[in-house]
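Residue strings, one per chain:
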Amino acid sequence: MSSILKYSLFGSAFVLIGLLVGFKIKDASPAGINSGLMKFERALRFIESNYVEELDEDKIVDDAIEGVLEGMDPHSFYIPASEMKQMREQMAGSFDGIGVQFNILEDTIYVEAPISGGPSEKLGIMAGDRIVAVNGENVAGIGITNADVMGLLKGPKGSEVDVTILRRATPKPLEFTIERDRIPLNSLDFAYMMDPETGYIKINRFSETTYAEFREALEMLQEKGMSQLILDLRGNPGGYMEMARKMADEFLAAGKVIVSTEGRISASKQEYRSTSSLGSFEKGPLVVLIDYGSASASEIVSGAVQDHDRGLIVGVRSFGKGLVQIQEEFEDGSAMRIVISKYYTPSGRCIQKPYDKSDSEYEDEIAERFESGEIFDESKIVIPDSLKFSTASGRVVYGGGGIYPDVFVANDTTGGSAYLTDLQINDVFRKFSSSYIDARPEMLKRYDSPEAFLTNFKLTSSLVNQFTAFAAEKGVPYDAAGYQKSKRLVDNRIKAYIGRRMYNDDGFFPVLNQVDKVIQEAYKLMPEAANLERTGKVSMND
């Protein structure tokens, strides 16, 4: 039985419970299935009566269901009763832990994403990191399960856990001591005004509260004078389709197709259109940011915006997960989820990337994009002419899995260094900011608002020297070459964490965004977004 667990934990939004409420699924079994069930029952009775050792009948049935689902597609899976509680936590509420979404692939724990604001993110744990040891005990290649990992990483707030991580392109294992914390599963990271006209909203997942959070943020920004918007869906792995439908509806006039679904049975064929009851931002320049971590519901929103020429899509090709799942629950508390249809954008593009290869090859597809250079270089993207589609105005867009951006802008990967990594691992930025502000209570009077801090607070050489000396005391000796290589990022994080200590996220995210290449390019592209809304064309692609 494969060790790949086809779902994510600790808040992963690949879970799509209840997407198609009201579906009537056939429960009558064809003759072939009935014959197969009789054969299966006979096999179980034969094994139970004759096997050399006493068997756990429940485990045999669980293993059999898992085996059937593993051969179907990458996103149909079985959930044992012991794990259903944790699965429900993913889309609502909160929990105590280290704050990561993860998968188990080939007997190795992979970090899908650190949860925004959680302890892992604050220490610099990254998507793609591999957890190989917990509290000094090896956890790779031992047949570890989903429940095992939760038992190791979740725990009371304030308790600590030591984690050893392997990171691509980092030669030595990285050692983290993580203090567990309460992990809120809010789906909106932050919303603020970048200037008197431009709003910014970052959504990290599509949970049951996403639309309410988004609508509240949208109204808040509009009250402040917002007339143009950057919607950041990078790293957002999706979630409830209904939340995506409502969000897209806010941008589109009534009657526009948002997404459709196609499957084998008639009940799986659905079309969802915008309504007149929503639509609070139907006009005004709009830029949507996506990347290789944007999946499912994120792709519904960006695909609808793109196909109706409503906004500019900026970034790199999205993940390509467009499968609709329903859940069947069993009397013992377990459940299974199966794929019943696929998502299609308004122009007819299938969001789902091909999955005709092995599970490991499917999971490695993102890594292949890095290796081919597609993530960093637009010229490396190869798209067959047969996958051309047209937007409402006749612009060419491409299918084949995922949403291709209108404007390619890769994440800036320059500036990394071992020195920066060590500063993050040892939580130096947060610790220094607390020490710095605690000793300077007058800072809150000098900078009496987040906006004043963002505009007027400047790093001095004296402050940087204090930081590097503090870091050395905390076990990270000064590395002149490493600092020079990462100067822009180190200086930015010093200011950002001081801002967080003073004004929480209001003093944090706006500072970080100043060195975010994709956000800054999106900001410059606002006139292009206005031109697209006015003409239905992207002039820079003509």
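Residues numbered from 1 in each chain as written. Predicted model: local features only at pLDDT ≥ 70, side-chain atom pairs only at ≥ 80, totals over all residues. Heavy atoms only, no water.

Engineer: Describe in detail the side chain of threonine 345, supporting the description with residues and values.
Structural biologist: Inspection of the secondary structure puts threonine 345 in the loop between strand E18 (335-344) and helix H9 (359-363). Side chain to side chain, threonine 345 and aspartate 307 meet in a polar contact 2.6 Å long. Those residues in contact with threonine 345, other than ones at most four positions away along the chain, are Gly303, Asp307, Ile351 and Ile403. (Helix = DSSP H or I, 4+ residues; strand = E, 2+ residues; numbered from the N terminus. Polar contact = N/O pair within 3.5 Å; in protein donor to acceptor, adjacent residues only side chain to side chain. Contact = heavy atoms within 4.5 Å.)

Engineer: Can you explain the environment of alanine 522? Please cite residues and give values.
Structural biologist: If you trace the backbone, alanine 522 turns up in helix H18 (residues 517-524). A C-alpha to C-alpha distance of 9.2 Å links alanine 522 and valine 407, two positions 115 residues apart in sequence. Once residues lying within four places of it in the same chain are set aside, the contact partners of alanine 522 are Ile230, Val287 and Leu289.

Engineer: I'd love a proper account of the packing of aromatic side chains, names of residues and values included.
Structural biologist: Enumeration over the complete set of coordinates arrives at 20 aromatic pairs. A ring pair is formed by phenylalanine 190 and phenylalanine 509, whose centres lie 5.4 Å apart and whose planes are at 25°; its orientation type is stacked. Of this pair, phenylalanine 190 sits in strand E10 (residues 188-193) while phenylalanine 509 sits in helix H17 (residues 509-512), and the two are 319 residues apart along the sequence. Looking at phenylalanine 509, the relative accessible area reads 13%, which means it is buried. (Phe/Tyr/Trp six-rings, centres within 6.5 Å; stacked < 30°, edge-to-face > 60°. Buried < 20%, exposed > 50% of the residue type's maximum accessible area, 1.4 Å probe, protein only.)

Engineer: Go over the side chain of glutamate 365 with me, naming the residues and quoting the values.
Structural biologist: Among the secondary structure elements, glutamate 365 is positioned in helix H10 (residues 365-372). Polar contacts involving the side chain of glutamate 365 include one to the side chain of arginine 369, which spans 3.0 Å. With near-sequence residues (within four places) excluded, glutamate 365 lies in contact with Arg317, Phe319 and Lys353.

Engineer: Can you break down the sheet that holds strand E16 (residues 312-315) residue by residue, with the values?
Structural biologist: Read from one edge to the other, the open sheet built from six strands follows the order E10-E11-E12-E15-E16-E21, with strand pairing classed as mixed. Strand pairing shows two members of the sheet lacking a second neighbour, E10 and strand E21 (407-408), which therefore form its edges. Taken together, the two bridges between E16 and E21 define a ladder with parallel strand orientation. From the neighbouring strand, glycine 315 faces E21, where its bridge partner is phenylalanine 408. (Pairing = 2+ DSSP bridges.)

Engineer: So what about the packing of helix H7 (residues 241-249) against helix H8 (residues 297-307)? Which residues, and what values?
Structural biologist: Taken N-terminus to C-terminus, the directions of H7 and H8 make an angle of 25°; their axes are 8 Å apart at the nearest point. Accordingly, the angle class assigned to the pair H7 and H8 is roughly parallel. For H7 against H8, the interelement crossing comes out right-handed. Counting all contacts with H7, which are made through Met241, Ala244, Met247 and Ala248, the residues of H8 involved are Ala297, Ile300, Val301 and Ala304. Per-class residue counts for the contact of H7 with H8 are eight nonpolar, no polar and no charged. (Axes fitted to C-alpha atoms, helices over the stretch in contact; angles between N-to-C directions. Parallel < 35°, antiparallel > 145°, perpendicular 65-115°, else oblique. Left-handed = near helix turned anticlockwise from the far one by under 90°. Nonpolar A, V, L, I, M, F, W, Y, C, P; charged D, E, K, R; others polar.)

Engineer: Summarise H8; cite the residues concerned and give the values.
Structural biologist: Judged by how many residues are buried, H8 sits mostly within the fold: 11 of 11 residues are covered. Those residues of H8 not exposed but buried are Ala297, Ser298, Glu299, Ile300, Val301, Ser302, Gly303, Ala304, Val305, Gln306 and Asp307. Phi turns positive, to about 55°, at aspartate 309, one or two residues after H8.

Engineer: Tell me about the pattern of salt bridges, and please be specific about residues and values.
Structural biologist: Counted under the stated rule, the structure contains 29 salt bridges. Lysine 157 is the salt-bridge partner of aspartate 181, the closest N and O atoms lying 3.9 Å from each other. With aspartate 181 in strand E9 (residues 181-184) and lysine 157 in the loop between helix H5 (146-153) and strand E7 (160-166), this residue pair connects regions lying 24 residues apart in the sequence. Note on lysine 157: relative accessible area 58%, which makes it exposed. Arginine 369 is the partner of glutamate 365 in a salt bridge, and the nearest nitrogen-oxygen pair spans 3.0 Å. Of this pair, glutamate 365 and arginine 369 are both found in helix H10, four residues apart, which corresponds to roughly one turn of the helix. For the pair glutamate 365 and arginine 369, a shared accessibility class is recorded, and that class is buried. In the salt-bridge network here, residues are joined through shared partners; they are Arg317, Lys353, Glu365, Arg369 and Glu374. (Salt bridge = Lys/Arg side-chain N within 4 Å of Asp/Glu carboxyl O.)

Engineer: I'd like a rundown of the environment of phenylalanine 457, residues and numbers included.
Structural biologist: Of note, phenylalanine 457 is situated in the loop between helix H14 (450-456) and helix H15 (461-473). For phenylalanine 457, a relative accessible area of 3% gives the class buried. Sequence spacing of phenylalanine 457 and methionine 443 is 14 residues, and the spatial spacing of their C-alpha atoms is 9.8 Å. Those residues within four positions of phenylalanine 457 in sequence are excluded, and the remaining contacts are Met443, Tyr447, Ala452, Leu463, Lys495 and Ile498.

Engineer: Would you mind going over H18 in detail, with residue names and values included?
Structural biologist: Buried residues of H18: Val518, Ile519 and Ala522, and no others. Burial along H18 is one-sided: seen end-on, the buried residues are contained in an arc of 100°. Residues of H18 that are buried make contact with strand E11 (198-203), strand E12 (228-232), strand E15 (286-290), E16 and helix H19 (526-535). Regarding H18, its N-cap is aspartate 516, as a side-chain oxygen of that residue lies 3.1 Å from the backbone nitrogen of valine 518 further along. (Arc of directions from axis to C-beta.)

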